[in-house]
Amino acid sequence: MSTVETHGLPHVVNLSKGYPYMITSNIDLEDSLVNGVIGTLVHIEVIDNPGQYELMPEPSNSDESDSIQSPHFRVWLQFENENIGRKARIKYRPHVIANSNTLKLEWTPLNESTGTISLNKSIKCKRTQLPLVPACAITIHKAQGGTFDEIVFQYDASQNTQLVYVALSRVTKLEGLYLTNAKNDFSFYHGRRESSATQKNIRDEYERSKRHHLKTLSHNAKKFCESPDSDQSSNEKTQTDTPQPIIIVSMNVQSLAAHTDDISTDSILQTAEYLVCSETWISDNEPSTKIRGFICKSRQNIMTRT
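So, a few notes on the structure that sits alongside this text. (Residues numbered from 1 in each chain as written. Predicted model: local features only at pLDDT ≥ 70, side-chain atom pairs only at ≥ 80, totals over all residues. Heavy atoms only, no water.)

Topic: the overall build of the protein
Alright, step 1. Looking only at helices and strands, one finds eight helices and eleven strands in the protein.
Alright, step 2. Relative to its 306 residues, the protein shows a buried fraction of 29%.
Alright, step 3. Counting only contacts in the protein whose residues sit at least 6 apart along the sequence, the fraction spanning at least 24 positions is 63%.
Alright, step 4. Within the structure as shown, the protein displays about 21,500 Å² of accessible surface, and the carbon and sulfur contribution to it stands at 51%. (Helix = DSSP H or I, 4+ residues; strand = E, 2+ residues; numbered from the N terminus. Buried < 20%, exposed > 50% of the residue type's maximum accessible area, 1.4 Å probe, protein only. Contact = heavy atoms within 4.5 Å. Areas by Shrake-Rupley, 256 points an atom, 1.4 Å probe, with all protein chains shown as cover.)

Encoded structure:
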């Protein structure tokens, strides 16, 4: 049975310190201890009292005294993201301090959990296990959202483009990317132009975008400020022949008249030579808003509303 059918509890877990492991169930959503998180196994602890500091309390079992008692384990993982397992580390801080010779405060504890598994309509069983599996090799789907310094990708020409993209984009640098192939075919096929309708539409859209550049408000503002008619441009020519930088702040605003004092007292906005505002809800016949520290040089009414 897969871990999907067993509440994320595998039948057997082989533990080896120094290797990556993936959590297979949602232990604590607020603490980011969730299915798919990968950490390095740094310590294995045999515990006598599994209920102490338990992150996932086990349900009571009246027949437990008659069953065979197996040793309980607690593992300690180290995550690159310090926000993962922060609450668990705080909860276990007294235990770590009391065992400072073997444990470290930056390690995150993970206890066994118990789940009920349905074998068929009439037979159910309970499994107590650590909710994690080795993560030295994981599927591309499981790797989504993760980044790694080094990856070994088993590449194949039959894989679709989206799958290849996800796999190749998991590595943080090109030097950490290694490709392997079960057929000893080391040609890379996905760099070639594909003939699928989706790929053709994407290429056509890129070509269309190259031919039709979208002129934004910032583009027009820059063109205006650099024109010979602007005061800034004239001052530059009289002072020096070397072009001087122009600070332009462009922003969308709502109810500009009600926020002029906010702009006048903003230390960042006051450093701008030009302030370009796009006001949506303003009528064409409304007088220009006065802002302390700025002079209205140009106003464009895009459309007249009826």
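Description of the pattern of salt bridges
Alright, step 1. A complete count under the given rule lists four salt bridges for this structure.
Alright, step 2. Lys-87 serves as the salt-bridge partner of Glu-30, at 3.4 Å between the closest nitrogen and oxygen. Taken as a pair, Glu-30 in the loop between β1 (20–23) and β2 (38–47) and Lys-87 in helix α1 (residues 86–91) lie far apart in primary sequence, 57 residues in all.
Alright, step 3. Three or more residues are tied together by salt bridges with common partners; here these are Asp-28, Glu-30 and Lys-87. (Salt bridge = Lys/Arg side-chain N within 4 Å of Asp/Glu carboxyl O.)

Concerning the packing of aromatic side chains
Alright, step 1. Per the stated rule, a full pass over the model turns up three aromatic pairs.
Alright, step 2. Taken together, a centroid distance of 4.8 Å and an interplanar angle of 20° make the contact between Tyr-155 and Phe-188 stacked. Linking Tyr-155 in the loop between β8 (151–154) and α4 (161–168) with Phe-188 in the loop between β9 (177–180) and α5 (197–211), this pair joins segments that are 33 residues apart in sequence.
Alright, step 3. In textbook terms, an aromatic cluster arises when at least three aromatic residues are bridged by ring pairs, as seen for Phe-153, Tyr-155 and Phe-188. (Phe/Tyr/Trp six-rings, centres within 6.5 Å; stacked < 30°, edge-to-face > 60°.)

Things to note about the environment of Glu-30
Alright, step 1. Its relative accessible area of 69% is what places Glu-30 among the exposed residues.
Alright, step 2. In this structure, the C-alpha to C-alpha distance between Glu-30 and Arg-86, residues 56 residues apart in sequence, is 9.7 Å.

Brief notes about the side chain of Glu-45
Alright, step 1. Looking at where Glu-45 falls in the secondary structure, it is placed in strand β2.
Alright, step 2. Within the structure, the side chain of Glu-45 is placed 2.9 Å from the side chain of Trp-76, a separation counted as a polar contact.
Alright, step 3. Within the local environment of Glu-45, its side chain forms a polar contact with the side chain of His-95, the two groups lying 2.8 Å apart.
Alright, step 4. Those residues within four positions of Glu-45 in sequence are excluded, and the remaining contacts are His-72, Phe-73, Arg-74, Trp-76, His-95 and Leu-103. (Polar contact = N/O pair within 3.5 Å; in protein donor to acceptor, adjacent residues only side chain to side chain.)

Some details on the pairing of β1
The side chains of a regular strand alternate, first on one face of the sheet and then on the other.
Alright, step 1. As defined by bridge partners, β1 adjoins β2 across three bridges and the pair is classed as antiparallel. Its bridge partner being in β2, Pro-20 is matched across the sheet by Thr-40.
Alright, step 2. The pairing of β1 with strand β7 (residues 132–134) spans three bridges and is classified as antiparallel. Opposite Met-22, over in β7, you have Val-133 as the bridge partner. (Pairing = 2+ DSSP bridges.)

Describing the nonpolar core
Alright, step 1. Of all hydrophobic cores here, the largest spans 15 residues; its most connected members are Ile-23, Leu-33, Val-75, Leu-77, Phe-79, Leu-110 and Leu-132.
Alright, step 2. At the level of secondary structure, the elements contributing two or more residues to this core comprise β1 and β3 (72–78).
Alright, step 3. Ignoring sequence-local partners within four residues, the contact set of Leu-110 consists of Ile-23, Ile-27, Arg-74, Val-75, Leu-77, Leu-130, Pro-131 and Leu-132.
Alright, step 4. One finds Val-253, Leu-256, Ile-263 and Ile-291 within the second-largest nonpolar core, a separate group that totals nine residues. (Core = buried A, V, L, I, M, F, W, Y, C linked by side-chain atoms within 4.5 Å.)

Structural notes on the environment of Ile-247
Alright, step 1. Looking at the element boundaries, Ile-247 is found in the loop between α7 (231–239) and β10 (248–253).
Alright, step 2. Sequence separation of Ile-247 and Leu-269 is 22 residues, and the distance between their C-alpha atoms is 9.7 Å.
Alright, step 3. Discounting residues that sit within four places of it in the chain, Ile-247 has contacts with Thr-271, Ala-272, Glu-273 and Tyr-274.

Structural notes on α4
Alright, step 1. Residues of α4 that are buried include every one of Val-164, Val-166 and Ala-167, and no others. The arc that holds every buried residue of α4, seen down its axis, measures 160°, which confines them to one face.
Alright, step 2. Buried residues along α4 sit in contact with α3 (140–143) and β8.
Alright, step 3. Regarding α4, its N-cap is Asn-160, as a side-chain oxygen of that residue lies 3.2 Å from the backbone nitrogen of Gln-162 further along. (Arc of directions from axis to C-beta.)

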